[in-house]
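The residues making up each chain are set out below.
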Amino acid sequence: MKRVLVTGGSGFLGSWLCEKILEKGCEVICVDNFFTGAKRNIYHLLDNPKFELIRHDVTFPLYIECDEIYNLACPASPIHYQHDPVQTVKTCVHGAINMLGLAKRLNAKILQASTSEVYGDPAIHPQVEEYWGNVNPIGIRSCYDEGKRCAETLFNCYRMQNSLRTKIIRIFNTYGPRMHPHDGRVVSNFILQALQNKDITIYGDGSQTRSFCYRDDLIDGMIKLMATPDEVTGPVNVGNPGEFTILQLAENVIDLTGSNSKIIRMPLPADDPKQRKPDISKAQKLLNWQPTTPLREGLLKTIAYFDELLKTEPEFCRGEE
Ligand code: NAD
Ligand code: UDP
């Protein structure tokens, strides 16, 4: 039986990944330091004899046995990764070194959860994997952007130098149930604001664009990339190419929730990318993958999740636990 390590396994994407791998009959070891993840995301898996949880910070070495490693450990939202930028860099870089070292000792296959942020504020649109990016190395987003870029470099070096079986997925904005209510990302912010008839906070004029991928589509693409032959190393963009302005997203959320919320403008954070849309030709060709969930369908499922969370766990939604 295959044993799979998922770092960051109690987070938004990690917990869903753990679930999907268990469904395939594999054993899962979930490693997390609970910085942004939560035990509530994996409670329902704790009784499963094939599931194991280890509290551990990936910036320290880890000695376990496994066949495959998905390296997701890293805060992903701007307010979370900017909270402790030094720890973010350490998680990206030392975390990658430790997990690559583990993979080398075990001859395990290893996948890195990289990001569209490696393209920075892109001058090429839509973004293809060959584009090297436009990243400020000393801005407020750089702890994450440059940390993730360095992790990609490390994956490539270990592959070339040690013949390690590595894969890199570049994830574009992904949303869905189990997003943290206080991670400040645009989808969760707008939905929670709309459900409570609070003002919807648009940063800047709302003309900046993002392409939003539903969680299930993303995890499907990630598992498919891990299953590719060894010569498929990536990076491979995985995201939904449907592109929306932030204003359009706000209007959709207001419409789908039937909210009375008003849209207000707030200052645009520094280095906020103006546009983002994946070219997914590689994923289509190499993984036979493409997203199947349109934005409004995914939003409805996410709205239902947060609606329920507001009723059942109001303290968590208010940030009081
Ligand atoms: P998340 O914050 O919900 O999950 C990250 C998990 O990593 C959390 O459980 C957190 O506690 C854990 N973690 C953080 N630092 C750690 C450390 N030092 N040691 C052990 N665990 C640690 O975020 P997510 O959206 O699920 O993102 C998962 C991965 O996907 C991240 O690597 C992120 O960079 C990448 N990604 C996500 C998106 C997205 O839109 N969701 C986009 C691009 C890339
Ligand atoms: N944003 C916004 N209002 C919010 C949260 C975010 O207008 O309440 C904007 C943000 O400035 C950015 C976009 O939405 O232009 C996506 O932000 P998010 O933090 O979700 O992801 P990222 O910027 O990393 O793509």
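Since this is a predicted model, take the numbers as computed values, not measurements.

Some remarks on the side chain of Asp32
With respect to the helices and strands, Asp32 occurs in strand E2 (residues 27-32). Comment: no salt bridge for buried Asp32; closest opposite-charge side chain is Arg55, at 7.7 Å. Here Phe34 takes part through its backbone nitrogen, which lies 2.7 Å from a polar atom of the side chain of Asp32. Leave out the neighbours within four places in its chain, and Asp32 touches Gly8, Gly9, Ser10, Gly11, Ile54, Arg55 and His56.

Overview of the site of ligand 1
Of all residues adjacent to ligand 1, which total 30 residues, the nearest are Leu13, Asp32, Thr36, Tyr144 and Thr174. The contact in question runs from an oxygen atom of ligand 1 to an N or O atom on the backbone of Phe35, over 3.0 Å. Measuring from an oxygen atom of ligand 1, one finds a side-chain N or O atom of Tyr144 at 2.6 Å. Look at ligand 1: alone it shows 820 Å² of surface, and the protein chains cover 97% of it. Looking at the shell around ligand 1, the elements with two or more residues in it are helix H1 (12-23), helix H3 (85-106), strand E5 (109-115) and helix H4 (142-162). Looking at the shell around ligand 1, its residues break down into 13 nonpolar, 13 polar and four charged.

Section: the packing of aromatic side chains
Counted according to the given criterion, the structure contains six aromatic pairs. A centroid spacing of 4.3 Å and a plane angle of 0 degrees characterise the contact between Tyr81 and Tyr144, whose relative ring orientation is stacked. Placement of the pair is Tyr81 in helix H2 (residues 78-83) and Tyr144 in helix H4, with a sequence separation of 63 residues. Both residues of the pair, Tyr81 and Tyr144, belong to the buried class. Taken together, a centroid distance of 6.0 Å and an interplanar angle of 15 degrees make the contact between Tyr119 and Tyr131 stacked. Separated by 12 residues along the polypeptide, Tyr119 in the loop between E5 and H4 and Tyr131 in the loop between E5 and H4 bring together distant segments of the chain. Owing to a relative accessible area of 1%, Tyr119 belongs among the buried residues under this scheme. Of the residues examined, Tyr131 reaches a relative accessible area of 14% and is grouped as buried. For Lys39, the ring lying beneath its charged end belongs to Phe34, and the centroid distance is 5.6 Å. Above the ring of Phe316, the side-chain terminus of Arg40 is found at 3.6 Å from the ring centroid.

Some points on the sheet that holds strand E11 (residues 236-238)
Reading across from one edge, E3-E2-E1-E4-E5-E6-E11 is the order of the seven strands in this open sheet, with parallel pairing throughout. This sheet does not close on itself; its edge strands, each paired only once, are strand E3 (51-55) and E11. The sheet shows a mean angle of 20 degrees between the axes of neighbouring strands, taken without regard to direction. In this structure, E5 lies alongside strand E6 (residues 166-171), joined through six bridges in parallel fashion.

What to know about the site of ligand 2
Within the structure, ligand 2 sits among 18 residues, and Thr201, Tyr203, Arg210, Asp272 and Arg276 are positioned closest to it. Contact distances for ligand 2 include 2.9 Å between an oxygen atom and a side-chain N or O atom of Asn173. Taking Val186, its main chain carries an N or O atom lying 2.8 Å from an oxygen atom of ligand 2. Here ligand 2 loses 95% of its free accessible area of 520 Å² to cover by the protein chains. If you list the elements that add at least two residues to the shell around ligand 2, you get helix H5 (186-195) and strand E8 (200-203). Here the residues of the shell around ligand 2 are counted per class, giving seven nonpolar, five polar and six charged.

Description of the nonpolar core
With 60 residues, the main nonpolar core has Leu17, Ile21, Tyr70, Met222 and Leu299 as its most contacted residues. Leave out the neighbours within four places in its chain, and Leu299 touches Tyr175, Val187, Ile191, Leu249, Asn252, Val253 and Leu256. Ile29, Cys92, Ala108 and Tyr144 belong to the second largest nonpolar core, which has 29 residues in total.

Brief notes about H4
For H4, with 21 residues, the first-to-last C-alpha span of 28 Å sits near the 30 Å given by 1.5 Å per residue. In this structure, the buried residues of H4 make contact with H2, H3, E5 and E6. Phi for Ser163, located one or two positions after H4, is positive at around 55 degrees.

Cut-off values and rules
Residues numbered from 1 in each chain as written. Chains lettered and ligands numbered in written order. Predicted model: local features only at pLDDT ≥ 70, side-chain atom pairs only at ≥ 80, totals over all residues. Heavy atoms only, no water. Helix = DSSP H or I, 4+ residues; strand = E, 2+ residues; numbered from the N terminus. Buried < 20%, exposed > 50% of the residue type's maximum accessible area, 1.4 Å probe, protein only. Lys, Arg positive; Asp, Glu negative; His and termini not counted. Salt bridge = Lys/Arg side-chain N within 4 Å of Asp/Glu carboxyl O. Polar contact = N/O pair within 3.5 Å; in protein donor to acceptor, adjacent residues only side chain to side chain. Contact = heavy atoms within 4.5 Å. Near = heavy atom within 4 Å. Areas by Shrake-Rupley, 256 points an atom, 1.4 Å probe, with all protein chains shown as cover. Nonpolar A, V, L, I, M, F, W, Y, C, P; charged D, E, K, R; others polar. Phe/Tyr/Trp six-rings, centres within 6.5 Å; stacked < 30°, edge-to-face > 60°. Lys NZ or Arg CZ within 6 Å of the ring centre and 35° of its normal. Pairing = 2+ DSSP bridges. Axes fitted to C-alpha atoms, helices over the stretch in contact; angles between N-to-C directions. Core = buried A, V, L, I, M, F, W, Y, C linked by side-chain atoms within 4.5 Å. Expected span 1.5 Å × (residues − 1).

On their own, these measurements won't tell you what the molecule is for.
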